[in-house]
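Descriptive analysis of the structure
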Amino acid sequence: MKKKISSLVKNKSKMNYDLDLLKDMYKKMLLIRRFEEKAGQLYGMGKIGGFCHLYIGQEAVVVGIQSAQIEGDSIITSYRDHGHMIACDMDPKGVMAELTGREDGYSKGKGGSMHMFSREKGFFGGHGIVAAQVPIGAGLAFAHKYNCNNNVCITYFGDGAANQGQVYESYNIASLWQLPVIFVIENNKYGMGTSVNRSSAGDNLSDRGKAYGIKSEIVDGMDIIAVREAAIKAIEYCRLGKGPYILEMKTYRYRGHSMSDPAKYRTRDEVEQIRKTSDPIENIKVLLNKMGVVDKVLKDIDVEIKSIIADAAKFAQVSPEPSSSELYTDITIN
């Protein structure tokens, strides 16, 4: 079957994009995809317990935005967070070890899939309560403004979280105090098992920021260059002290809401149609081919990444379990 030529290639100006940057973004998206596939396998084998929400299909969002960030910017997100960790260069071994509950994990095996952090990488979670990270993101942005460090906070949340009240409290204070925060709505069309069209009034979730005077943009979240260009504009706006910005990323998740979700609320044909016509990794592969990168080079990259993920999975399973004394660290006992 003839491969569909993506919108990336139809726009000739995108053919002038820096080749090294495109290859780097391709590698990061592929690293996230392969990591999530392996995490899904390990979960099915009983090696990962608790909750596990995969990011497969949404890779262009976080990689495109990350490509526009600078050192010192902060990131906070919800429970579908492995992709965000890898995009900000957290070690796949440490992330996978946390998923398997081992002491070499980023939260020493106590956080699991939804609750790991890396201050060194500017990643402040992974939050299990729907929309709880949004006011924290506004707080991180306040810290950036207070410290006059010219950094911004990228605050991710989903279409389901967009209906929570604390989102609008955060919009209000961010606009009132002109905080350097970019609210990224990862609209993957389904909040748990309910279509966004059935659960959210209005045409676009980003329109809700207008009541608070917040500038917004709707972006094709399956087109990594569109994501990057929108992120550059939004980040510059925030760095200039103009206040918050909303980016609504129209994206799609291929798997269920979590590993326990059979996703019977949508058809296989719907998912396959998105895969065939809009997959973010296939899109950038087509563009790289058009720019002279042959398939063998891309296959070699995939082989390299599969090796990295295999090593991470092995590391995660041989890392020791945390000692019982770890239960009492990072807490206050009265």
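Preceding this section is the structure that the text describes.
This section reports on the structure supplied with the text. The structure presented is a predicted model; accordingly, all values stated were derived computationally and were not measured. (Residues numbered from 1 in each chain as written. Predicted model: local features only at pLDDT ≥ 70, side-chain atom pairs only at ≥ 80, totals over all residues. Heavy atoms only, no water.)

Looking at helix α3 (residues 59-66)
What counts is decided by this rule: Summary of the burial criterion: residues with accessible area below 20% of their type's maximum are buried, those above 50% are exposed, and those between are partly exposed, where the area comes from a 1.4 Å probe applied to protein chains only. Put simply, DSSP marks the helices as runs of H or I at least four residues long and the strands as runs of E at least two long, and each gets a number from the N terminus on.
By the criterion of burial, α3 is predominantly enclosed, with eight of the eight residues buried. Along α3, the positions that sit buried rather than exposed are Glu59, Ala60, Val61, Val62, Val63, Gly64, Ile65 and Gln66.

Things to note about the packing of aromatic side chains
Using the following cut-off: Each Phe, Tyr or Trp ring (for Trp, its six-membered ring) is paired with any other whose centre lies within 6.5 Å, and the angle between the two planes then decides the class: stacked below 30 degrees, edge-to-face above 60, tilted in between.
Per the stated rule, a full pass over the model turns up eight aromatic pairs. Taking 5.4 Å as the distance between ring centres and 90 degrees as the angle between the ring planes, the aromatic pair formed by tyrosine 168 and tyrosine 171 counts as edge-to-face. Of this pair, tyrosine 168 and tyrosine 171 both sit in helix α7 (residues 165-176), separated by three residues, roughly a single helical turn. When sorted by exposure, tyrosine 168 lands in the same class as tyrosine 171, which is buried. Seen in terms of ring centroids, tyrosine 190 and tyrosine 265 are 5.4 Å apart; in terms of plane orientation they differ by 40 degrees. Their pairing is tilted. Taken together, the residues tyrosine 190 in strand β4 (residues 190-191) and tyrosine 265 in the loop between β7 (245-250) and α10 (268-278) connect sequence positions 75 residues apart. Within the aromatic cluster, the residues linked to one another by ring pairs are Tyr168, Tyr171, Phe183 and Tyr212.

Observations regarding the environment of serine 206
Going by this rule: The contact rule is simple, with two residues in contact once any of their heavy atoms fall within 4.5 Å.
Mapped onto the secondary structure, serine 206 falls in the loop between α8 (196-199) and β6 (215-220). Judged by its relative accessible area of 1%, serine 206 falls in the buried class. For the pair serine 206 and phenylalanine 183, spaced 23 residues apart in the sequence, the C-alpha separation amounts to 9.3 Å. Here serine 206 is in contact with Ile185, Ser216, Ile218, Ile246 and Glu248, once residues within four sequence places are set aside.

Some details on the side chain of serine 113
Going by this rule: We call two N or O atoms a polar contact when they sit within 3.5 Å, provided that within protein one can donate a hydrogen and the other can accept it, with sequence-adjacent residues counted only if both atoms are side-chain atoms.
Looking at where serine 113 falls in the secondary structure, it is placed in the loop between α5 (92-99) and α6 (133-147). Judged by relative accessible area, serine 113 falls into the buried class, the value being 5%. Side-chain polar atoms of serine 113 contact the side chain of histidine 82, separated by 2.7 Å.

Details of a nonpolar patch on the surface
The cut-off we apply is this: Grouping into patches uses exposed residues only, defined as over 30% relative accessible area, and leaves out salt-bridged ones; the cut-off is 9 Å for like charges and 5 Å for nonpolar side chains (Val, Leu, Ile, Met, Phe, Trp, Tyr). For the area figures, the Shrake-Rupley method with a 1.4 Å probe applies, and any residue is considered shielded solely by the protein chains shown. Here, a salt bridge means any Lys or Arg side-chain nitrogen found within 4 Å of an Asp or Glu carboxyl oxygen.
On the surface, a cluster of nonpolar side chains totalling about 500 Å² of accessible area is made up of Phe142, Tyr146, Leu176 and Trp177. Tracing the backbone shows phenylalanine 142 in helix α6. Given the relative accessible area of 38%, phenylalanine 142 is considered partly exposed.

Read these as spatial facts, not as claims about activity.
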